[in-house]
Amino acid sequence: MRRPPISEQLERARNAGSQLHHFHGGLRLRHNKKISCELPLEATPLPPRLFVPMLQHSGLSAEPAVKPGQQVLKGERIGYFGVKEEMAVHAPTSGTVKLLARRPISHPSGEDGLCVVIEPDGLDQWTQLTPIENWQEADPALLRQRIREAGIVGLGGAVFPTAIKVDDAHLRGIHTLILNGAECEPYISCDEMLMREQPGSIILGARILQRAIGAGRTLIAIEDQMGAVNESLKAAVKEAGADDIDIVKVTTIYPEGGEKQLIQVLTGLEVPSGGRPADLGLLCQNVATATAVANAVVEGKSLIERIVTVTGSGIRQPRNLLARIGTPIENLVDQCGGYTEDAARLILGGPMMGYALTSDSNPVIKAANCILVLSELEIEPPQAEMPCIRCGECVRVCPALLLPQELNWQIRNQQWEEVVDYGLKDCIECGCCDFVCPSHIPLVDWFRYGKAELKSLQIERGKAESARVRFEAREARLAREKQERRQRLEQKKQGLRDQADKKKKLAEAIERVQSRKDGGK
Ligand code: SF4
Ligand code: SF4
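A.B. asks: Just checking my understanding: could you explain the site of ligand 1 for this structure?
C.D. replies: Every residue lining ligand 1 is accounted for by C388, I389, R390, C391, G392, E393, C394, Q405, C437, P438, S439 and I441. Grouping the constituent residues of the shell around ligand 1 by class yields seven nonpolar, three polar and two charged.

Rendered as structure tokens:
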């Protein structure tokens with residue numbers, strides 16, 4: 001697709017939302033959201049123990065900042081990542097650190113990770129909170145710093161540290177903040193519930209984010225089928241007198257909630273491969289992230305809890321719960337009446353992008369937007385994988401305009417340069433290609449494997465490159481030292497030669513004087 005000139009792109013980005021567009025591919029899926037929206041939001045009680053993983057953001061794991069036996073207060077920092085405060089992890093309640101242990105951590109890799117295990121004292125006592133009283137007048141840098149200290153990450157599922165995004169947005173210049181409430185994956189309703197029940201905190205978060213990054217307006221994108229949400233958000237906007245915040249309804253097509261897809265719907269522009277929304281003067285954040293920002297700034301509270309949809313036909317009473325990070329998933333399931341007899345599969349996330357968990361003792365993490373339990377009936381019996389028949393269905397539905405069948409072939413044949421050229425990194429793992437493939441090829445599994453391989457190759461190349469740089473630096477140092485030694489030796493020899501010359505000249509002078517004396521006698 002031909003890209004319009006940059007001036008036209010920027011103009012269209014400035015008018016985001018005034019006209020709606022489409023993105024390539026996608027699927028119309030059954031929503032299955034109503035079942036979890038019938039009961040109001042409820043908080044989970046404190047469990048006997050909380051298991052707080054150190055890895056809850058994209059990137060490397062944080063390090064524990066506490067020791068077994070230590071008392072902690074709610075909201076106190078218990079994990080850190082060097083100077084990168086945006087990756088901090090905080091205590092979900094007050095109590096005692098019982099141990100630091102490797103446990104299952106609800107991660108797509110399925111691997112264990114380090115957790116801080118806290119036994120609550122029941123007091124639920126906050127650490128010293130320092131709200132920013134007058135945020136409307138506060139220095140935007142102070143607001144961004146508070147977002148950093150609160151350990152806020154993108155709560156739509158990507159868990160990218162929000163502080164990094166807002167710092168970048170501030171530097172690049174952003175005119176429009178987009179709040180993503182288009183929760184397009186089936187079954188997940190936590191954002192819908194938040195928008196219905198706490199619209200004021202979303203609007204507050206939007207206004208704070210606007211000030212923190214210097215944006216002139218906010219667009220909140222919601223799905224066209226979220227009737228009650230539209231009303232509640234509009235009322236909150238009116239109450240706040242925020243006439244620079246608009247609500248836009250978008251058609252529900254999966255994966256419309258993907259950042260690049262949503263921007264395309266709102267502007268008609270594609271964010272190019274390797275590009276970012278900031279290139280168009282846009283910043284995209286999830287609605288729940290905006291609420292976390294409001295809590296961090298106005299109340300001084302770090303991110304220690306989130307709304308989780310507990311749903312699926314394997315759950316007796318699906319609903320949305322406000323759960324502390326670190327709460328075992330089984331506690332949430334119990335609060336929803338437990339499993340049905342035919343519950344068969346536990347998934348963290350939705351049916352398209354989620355991943356299966358092997359145990360419900362895994363903890364709630366910042367990325368946990370949904371706990372989905374499918375029944376026997378909903379799970380297709382495993383189908384034998386067949387050869388690709390090149391039907392092109394996967395290409396037709398791919399919202400990232402990729403060629404999934406080609407990528408699959410290249411990954412299987414370890415053709416890593418081609419895999420990069422064909423844009424594997426642009427795959428958002430939406431699962432549309434998997435869904436339509438008549439040959440039952442587990443395409444997304446291959447793409448995840450391919451990404452992991454590329455990452456380790458990059459690390460290996462990085463290591464080899466730094467080893468080469470170190471080797472060359474050592475060789476240069478040795479050569480320099482050798483040259484310096486040679487120079488010193490030469491100087492020493494010259495000094496000795498000069499001394500010998502001086503002695504010789506002195507001896508000759510003495511001899512001359514002596515011979516003159518002898519001649520005079
Ligand atoms: S949908 Fe499946 S069978 Fe069809 S081209 Fe893609 S990978 Fe091949
Ligand atoms: S999983 Fe990746 S390749 Fe498949 S449809 Fe989604 S973006 Fe395209």
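A.B. asks: Looking at this model, I keep getting lost on a positive patch on the surface. Mind explaining?
C.D. replies: Positive charge collects at one region of the surface, where K482, R485, R486 and R488 lie side by side. By secondary structure assignment, the location of R486 is in helix 14 (residues 443–520).

A.B. asks: I would appreciate a short explanation of the pairing of strand 13 (residues 305–311) in the present structure.
C.D. replies: In regular strands, side chains alternate between the two faces of the sheet. Burial of strand 13 is extensive: six of the seven residues sit out of reach of the surface. Across three bridges, strand 13 lies against strand 17 (residues 370–375) in parallel orientation. When the sheet's bridge partners are listed, T309 is paired in strand 17 with C370.

A.B. asks: Explain the side chain of K366 to me, please; I cannot follow it from the model alone.
C.D. replies: Within the element layout of this structure, K366 appears in the loop between strand 16 (355–356) and strand 17. A relative accessible area of 3% means that K366 is categorised as buried. Those residues in contact with K366, other than ones at most four positions away along the chain, are Q56, A88, G151, V153, L155, V159, L303, R306 and I325.

A.B. asks: Explain the pattern of salt bridges to me, please; I cannot follow it from the model alone.
C.D. replies: Pairs can form between side chains of opposite charge once their charged atoms are near each other. Evaluation of the coordinates by the stated rule reveals 26 salt bridges. A salt bridge links D124 to R324; its shortest N-O distance comes to 2.8 Å. You can see D124 sitting in the loop between strand 8 (112–120) and helix 2 (140–149) and its partner R324 sitting in strand 14 (residues 319–324), a full 200 residues away along the chain. In this structure R324 comes out as buried when scored by relative accessible area, which is 10%. Notably, a salt bridge pairs R468 with E472, separated by 2.8 Å at the nearest N-O pair. Separated by four residues within a single helix, R468 and E472 lie in helix 14, roughly one turn from each other. With relative accessibility at 38%, the residue R468 sits in the partly exposed group.

A.B. asks: Before we go on, may I ask you to explain the sheet that holds strand 2 (residues 50–53) in this structure?
C.D. replies: The strands making up a sheet associate through backbone hydrogen bonding, with each pair oriented either parallel or antiparallel. If you walk across this open sheet you meet the four strands as 2-8-7-4, and the pairing is antiparallel. Whereas interior strands pair on both sides, the edge strands pair on one side only; in this sheet they are strand 2 and strand 4 (71–72).

A.B. asks: What exactly am I supposed to notice about the site of ligand 2 here?
C.D. replies: In the vicinity of ligand 2 there are 13 residues, among which C398, C427, C430, G431 and C433 approach most closely. Listed by contribution, the elements that provide at least two residues to the shell around ligand 2 are helix 13 (432–436) and helix 14. Looking at the shell around ligand 2 residue by residue, the classes come out as 11 nonpolar, one polar and one charged.

A.B. asks: Honestly, the nonpolar core in this entry has me stumped. Any pointers?
C.D. replies: A general trend in soluble globular proteins is that nonpolar side chains are found buried together. If you look at the biggest cluster of nonpolar residues, it comprises 77 residues, and the most contacted ones within it are L179 and I220. Ranked by residues supplied to this core, first place goes to helix 8 (residues 287–299) with eight residues. Three or more residues apiece are contributed to this core by two domains, here domain 1 (8–310) and domain 2 (312–379). If near-sequence neighbours (up to four positions away) are discounted, I220 is found in contact with L179, I202, I203, L233, I245, D246, I247, V248 and V287. A16, V265, L269 and V271 belong to the second largest nonpolar core, which has 19 residues in total.

A.B. asks: Just to check I follow, could you spell out helix 6 (residues 227–240) for this structure?
C.D. replies: For helix 6, with 14 residues, the first-to-last C-alpha span of 21 Å sits near the 20 Å given by 1.5 Å per residue. Listed as buried for helix 6 are V229, N230, S232, L233, A236 and V237. Elements that come into contact with the buried residues of helix 6 comprise helix 4 (190–197), helix 5 (199–213), strand 10 (217–223) and strand 11 (245–250). Residue G241 follows helix 6 closely and has a positive phi angle near 65°.

A.B. asks: Mind showing me how you'd approach the domain arrangement of the chain here?
C.D. replies: Many descriptions give the size of an interface as the accessible area lost when the pieces come together. The assigned domain composition of the chain is domain 1 (8–310) and domain 2 (312–379). For domain 1 and domain 2, the distance between their C-alpha centroids amounts to 21 Å. With 53 residues of domain 1 at the interface, the matching set in domain 2 holds 42 residues. Taken together, both faces of the contact between domain 1 and domain 2 bury some 4,200 Å²; the carbon and sulfur share is 56%. The tally of links between domain 1 and domain 2 comes to two salt bridges.

A.B. asks: Sorry, what's going on with the environment of E119 here?
C.D. replies: In this structure, E119 sits in strand 8. Assessed through its relative accessible area of 31%, E119 is described here as partly exposed. For E119 and L50, which are 69 residues apart along the polypeptide, the C-alpha to C-alpha distance reads 6.6 Å. If we ignore the near neighbours within four places in the chain, the residues touching E119 are P48, R49, S94, G95, T96 and K98.

A.B. asks: When you look at the sheet that holds strand 3 (residues 63–64) in this model, what are you seeing that I'm missing?
C.D. replies: Read from one edge to the other, the open sheet built from three strands follows the order 3-5-6, with strand pairing classed as antiparallel. If you trace the sheet from one side to the other, it starts and ends with strand 3 and strand 6 (89–90), each paired once. Across two bridges, the pairing between strand 3 and strand 5 (residues 77–80) is antiparallel. From the neighbouring strand, P64 faces strand 5, where its bridge partner is G79.

A.B. asks: Please clarify how the packing of helix 2 against helix 5 should be interpreted in this entry.
C.D. replies: Axis angle and axis distance: for two packed helices, these are the angle between their axes and the distance between the axes, and together they describe the pair. Direction vectors running N to C along helix 2 and helix 5 enclose 120°, while the axes themselves pass 7 Å from each other. By the angle between their directions, the pair helix 2 and helix 5 is classed as oblique. In this structure, the crossing between helix 2 and helix 5 has a hand that is left-handed. Packed against helix 2, whose contacting residues are P140, L143, R144 and I147, the element helix 5 presents I208, L209, R211 and A212 at the interface.

Parameters at a glance
- Residues numbered from 1 in each chain as written.
- Chains lettered and ligands numbered in written order.
- Predicted model: local features only at pLDDT ≥ 70, side-chain atom pairs only at ≥ 80, totals over all residues.
- Heavy atoms only, no water.
- Near = heavy atom within 4 Å.
- Nonpolar A, V, L, I, M, F, W, Y, C, P; charged D, E, K, R; others polar.
- Patch = residues over 30% accessible without salt bridge, like charges linked within 9 Å, V, L, I, M, F, W, Y side chains within 5 Å.
- Areas by Shrake-Rupley, 256 points an atom, 1.4 Å probe, with all protein chains shown as cover.
- Salt bridge = Lys/Arg side-chain N within 4 Å of Asp/Glu carboxyl O.
- Lys, Arg positive; Asp, Glu negative; His and termini not counted.
- Charge placed at Lys NZ, Arg CZ, Asp CG, Glu CD.
- Helix = DSSP H or I, 4+ residues; strand = E, 2+ residues; numbered from the N terminus.
- Buried < 20%, exposed > 50% of the residue type's maximum accessible area, 1.4 Å probe, protein only.
- Pairing = 2+ DSSP bridges.
- Contact = heavy atoms within 4.5 Å.
- Core = buried A, V, L, I, M, F, W, Y, C linked by side-chain atoms within 4.5 Å.
- Domains from an automatic or database assignment.
- Expected span 1.5 Å × (residues − 1).
- Buried area = accessible area lost by both parts, 1.4 Å probe.
- Axes fitted to C-alpha atoms, helices over the stretch in contact; angles between N-to-C directions.
- Parallel < 35°, antiparallel > 145°, perpendicular 65-115°, else oblique.
- Left-handed = near helix turned anticlockwise from the far one by under 90°.

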